[in-house]
Amino acid sequence: MKSSSFTSLFVAAAAFCAASCSEGPVNLQTSSVEDVVKAMTKEQKLKILLGTNLDLEEKNSGPVVGQHSLFVPGAAGSTFSFEELGITNTVLADGPAGLRISPTREGDENTYYCTYFPIGTLLASTWNQELIESVGKAMGEETKEYGADVLLAPALNIQRNPLCGRNFEYYSEDPIISGKTAAAYVRGIQSNGVGTSIKHFAGNSQETNRKLNNAIISDRALREIYLKGFEIAVKESDPWTVMTSYNGINGTPTAESYPLLEGILRGEWGFKGMVMTDWSSGNNGGAQIAAGNDLIMPGNKQRYNEIVAALEDGSLTMEDVDRDVTRILEFVKRTPRFQGYKFSNKPDLQAHAQITRQSSLEGMVLLKNNASALPFTSAVSKVALLGYTSFDFIAGGTGSGSVNSSYVVSLLEGLKNGGYQVDERLKDANLAMKDNTVRKNILAVVERPEEIVPDAKTLASMAEANDVAVITLGRIAGEGNDRLIENFSLTQNELALVQKTTEAFHKVGKKVVVILNIGGVIETASWKNIPDAILLSWQAGQEGGNSVTDILSGKKSPSGRLAVSFPAKFNDLGSSSNFPINPGIKNDSGMNRTRIGMTDRNIDYTVYEEDIYVGYRWLQKKNIAASYPFGYGLSYTTFQWSDAAVKTTKDGITATVKVTNTGSVASKDVVQLYISAPEGGLDKPVRELKAYAKTKELAPGESQVITLNVSLYDLASFNQDAMRWETAAGQYTASFGASCDEIKQNATFQVEKAQSWSAPTSLKGK
Ligand code: BGC
């Protein structure tokens, strides 16, 4: 008998027994979760509350972050099994840019490389939810076929300040685009029957002292900015799990916050899944379980003992434990591992490489294009390549958000693949510095080497010999560290490289293009006038060099838009006065800090003084021009928008606008709907993004009518004195923008009657 038919016979028999034999063995395969919880011993219950990095049971123990070797080597962790109860292990693996596991295994000739997909910031810059869902679908397939049950992603914390080391994993400074992007991503992944973990819930917008930083945030800013994206993702995509953050909010670690987890997440938003901690977070296991943080990852003896102690002192009850165990078992039941899925270890890596290449194209943002420097005309065949990063292209950031892919296409390779003759005379000298970039462990930042500035003679000869110059500037950051302030501006050598190359090429009537292979915002205002074109390629995963070439060559017109403002100066942003600037702390370990929110401003605690005025909301309120505003991005064609209209419906408004491609190249456009509220009542931003959509690829002359819906609830602001969402009556303006600063059409509408929705749970400090 084949083992699968044997299993189904067994399952059928056991199910029959559960239905008709009162004394049958309790088993998660056939019994209700309730019956299994009743049948579990106290010790079994306490164990399953913790991940398997717990030296309580040989077969279940394994090491930590990125090295977990049970079941799927390199996964981030797993949960306990109890064979006698039919409870299987489950495997949890990072992360946002694709599955992160070990590519090779000892004594095994096979390889287990994964696809390096674009970073979160690039995905959000596509403004294309359908596309993001298809990327998620591919990531989910890889997760399932390599034997994992949950991808620990998406990461949707707000990009509050350019220097946050993990911005590359995150989506935006705006909660609507963060939430919609996350929801699409989750739907795509979970369509495979594997889970996601939306993270880090919530307020994890800095890395300095990340495990003990106390974020001091008003209820209003929490509701409108820091929680809103999570609310949208929970309501629109039903993620299997949520991961709490390391930081505290207003004095309480998020994993120990009953109001956050039971009050808001479950009580107000109706979340039905499981909550897990971030790895080794928090102070006390008992408090975490009592707060409704069901699973502690990766688990250790200390947390186990704390749970036991909390049960003894009464701060934790067995009812709390049963509630959390129930949610864990409900989660286990959904997983492929529990359902006996036979994974292949052979995901379709070729198909996924194509998905990566195509999806990156849509998130790259053309920032500048003087005199149609791009796309290259047919007269361009010889390309002079400069900048270290052109030869060592960056696929993504460091830490748990990185992926072990079998290759990364550099710009040099991409241009060659695209049929260009590349002047690579600077390649060897640049790559000779590669050793300077070696990192010591998965959490250390990889420094980029200082740029080589070729002498005037070399540049003149390169300008003579080639049709155009391409310079790539790179930045890399990652988990555990925020970026240094120096990292925001160009270094002297970078500036000299751009200046001198441009001088030499302009002298002979040739153009210069700068590619920004970065994961977070940098300064552009002081030098953007120098080169002819600037393409923000972000970090596009393993196919980066090919995708950039597709845009340079005109194979595709760029259609990305900024999901984050590029301020003219660092201090133009409200958040910059309350953010750790070169705090002298390398990462979160060994800091002799023992409790949340101790004494040092911006290290132990950070006051979110700008409140709801993050990113463009701040710049517009203060009337400060951005270097490149939120929502901005050029294309190779032109679009005309017409017939903007807003209709009020029973539940809100329906806005429409007609977009016509008036240029000569096929491309997509993005319609951004910003709303301005009537005067009076709560203080409001100048305008706020409430909905958006990307057109299909419009051929020259082709039009499409875009329809966007906004509900009355979506229009609401949070009144923290009354603890409720409020939509004021009065006249609103709907602005159809090509960016937050470039409004193409306006329409007004009336809300006849004020509305409110109670949201009583406050996260104010004790
Ligand atoms: C990160 C999480 C990640 C986890 C497991 C933590 O250090 O903050 O984002 O999912 O490790 O690798």
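See the structure printed just above.
Within any chain, residue numbers begin from 1 and follow the written order of that chain's sequence. The predicted nature of this model means local features are confined to residues of pLDDT at least 70 and side-chain atom pairs, given and counted, to a pLDDT of 80 or more, with totals for whole chains, interfaces and linings taken over all residues. Side-chain metrics rest on all non-hydrogen atoms present in the structure, leaving aside hydrogens and water.

Colleague: Any details on the overall build of the protein chain? Residues and values, ideally.
Modeller: By definition, any uninterrupted DSSP run of H or I lasting at least four residues is a helix, any uninterrupted run of E lasting at least two residues is a strand, and each is numbered from the N terminus. Scanning the protein chain for helices and strands turns up 20 helices and 30 strands. Taking 766 residues into account, the globule formula puts the C-alpha radius of gyration at 27 Å, and the protein chain, at 26 Å, falls close to it. Along the three orthogonal principal directions, the C-alpha set of the protein chain runs to about 90 × 70 × 55 Å. We call a residue buried when its accessible area falls under 20% of the maximum for its residue type, exposed when it is over 50%, and partly exposed in between, using a 1.4 Å probe and counting protein chains only. Residues classed as buried in the protein chain amount to 62% of the 766 residues present. What makes two residues a contact is simply this: any of their non-hydrogen atoms within 4.5 Å. At a minimum sequence separation of 6, the contacts of the protein chain that also span at least 24 residues come to 77%. Carbon together with sulfur atoms contributes 49% to the accessible area of the protein chain, which is approximately 27,700 Å² in total. Just to be clear, the radius of gyration here is over C-alpha atoms, and the globule rule we use is 2.2 Å times residues to the power 0.38. Using a 1.4 Å probe, the Shrake-Rupley method yields the accessible areas, and only the shown protein chains count as cover for residues.

Colleague: Outline the packing of aromatic side chains, listing residues and values.
Modeller: Each pair of aromatic rings taken from Phe, Tyr and Trp, with Trp reduced to its six-membered ring, is defined by centres within 6.5 Å and is described as stacked if the planes are under 30 degrees apart, edge-to-face if over 60, and tilted in the remaining cases. Scanning all chains against the criterion turns up 18 aromatic pairs. When the ring of F201 is compared with that of F230, the centres are 5.0 Å apart and the planes differ by 65°; the resulting orientation is edge-to-face. With a gap of 29 residues between them, F201 in strand 6 (residues 195-201) and F230 in helix 8 (residues 228-237) connect regions that are remote in the sequence. The two residues F201 and F230 agree in class, both being buried.

Colleague: Tell me about the site of the ligand, and please be specific about residues and values.
Modeller: Throughout, near means a residue has at least one heavy atom within 4 Å of the molecule or strand. Not every one of the 14 residues close to the ligand is listed here, only the nearest: D94, R166, H200, D278 and E479. A 3.5 Å cut-off defines polar contacts: any pair of N or O atoms within that distance qualifies, except that in protein one atom must be a possible hydrogen donor and the other a possible acceptor, and neighbouring residues in sequence count only when both atoms are side-chain atoms. Between the ligand and K199 there is a distance of 2.9 Å, counted from an oxygen atom to a side-chain nitrogen or oxygen. Between H200 and the ligand, the recorded distance is 2.8 Å, taken from a side-chain N or O atom to an oxygen atom. The protein chains hide 99% of the 310 Å² of surface that the ligand would expose on its own.

Colleague: Describe the packing of helix 6 (residues 175-190) against helix 8, and please don't skip the residues or the numbers.
Modeller: Throughout, an axis means a line fitted to C-alpha atoms (over the contacting stretch in the case of helices), and angles, computed between N-to-C directions, take values from 0 to 180 degrees. Interaxial distance between helix 6 and helix 8 falls to 8 Å at its minimum, and their mutual angle equals 35°. Once helix 6 is placed against helix 8, the crossing between them reads as right-handed. Contacts between helix 6 and helix 8 involve P175, I176, G179, K180, A182, A183, V186, R187 and Q190 on the former and, on the latter, K228, G229, I232, A233, E236 and S237. In the scheme used here, Gly and all other residues not listed as nonpolar or charged are polar, with Ala, Val, Leu, Ile, Met, Phe, Trp, Tyr, Cys and Pro taken as nonpolar and Asp, Glu, Lys and Arg as charged. Residues of the contact of helix 6 with helix 8, tallied by class, amount to seven nonpolar, four polar and four charged. Whether a crossing is left-handed or right-handed is set by the direction in which the near helix is turned from the far one by less than a right angle, anticlockwise for left-handed and clockwise for right-handed.

Colleague: Describe empty space enclosed by the protein, listing the residues and the values that go with them.
Modeller: Lining residues are those with an atom within 4 Å of a point, where the points come from a 1 Å grid over the protein atoms alone and group into cavities, where a 1.4 Å probe fits but cannot get out, or pockets, open sets with protein on both sides within 12 Å along at least five of seven lines. Grid points are joined across faces, edges and corners, and a volume is the space filled by probe spheres set on the points. One pass over the full model with this rule turns up five cavities of 30 Å³ or more. Put simply, the largest cavity is a space of about 90 Å³. Surrounding the largest cavity, 13 residues form its lining, I476, A477, R483, G519 and G520 being those nearest its centre. Looking at the lining of the largest cavity, its residues break down into four nonpolar, seven polar and two charged. Of the voids in this model, the second largest cavity is the one considered here, and its volume is about 60 Å³. Along its surface, the second largest cavity is lined by I675, S676, A677, K684, P685, E688, K690, L715 and Y732. For the lining of the second largest cavity, the class distribution of residues is five nonpolar, one polar and three charged.

Colleague: Explain helix 9 (residues 258-268) residue by residue, including any values.
Modeller: Taken together, the buried positions of helix 9 are L260, L261, E262, G263, I264, L265 and R266. Buried residues along helix 9 sit against strand 6, helix 7 (219-226), helix 8, strand 8 (241-244), strand 11 (274-276) and helix 12 (318-334). The backbone nitrogen of L260 has a side-chain oxygen 3.2 Å away, supplied by the residue at the start of helix 9, namely S257. Of the residues trailing helix 9, G270 is marked for its positive phi of about 80°.

Colleague: Tell me about helix 19 (residues 544-552), residues and numbers included.
Modeller: Burial of helix 19 is extensive: nine of the nine residues sit out of reach of the surface. Taken residue by residue, helix 19 has G544, G545, N546, S547, V548, T549, D550, I551 and L552 as its buried positions. Those residues of helix 19 hidden inside the fold are in contact with helix 13 (349-363), helix 15 (411-417), strand 15 (468-474), strand 16 (511-517) and strand 17 (533-536). Downstream of helix 19 by a residue or two, G554 has a phi angle that is positive, lying close to 90°.

Colleague: Give me the environment of K427: which residues, what numbers.
Modeller: Its place among the elements puts K427 in helix 16 (residues 427-431). Between the C-alpha atoms of K427 and G680, which are 253 residues apart in sequence, the distance is 61 Å. Excluding its chain neighbours within four sequence positions, the residues that come into contact with K427 are F391 and L412.

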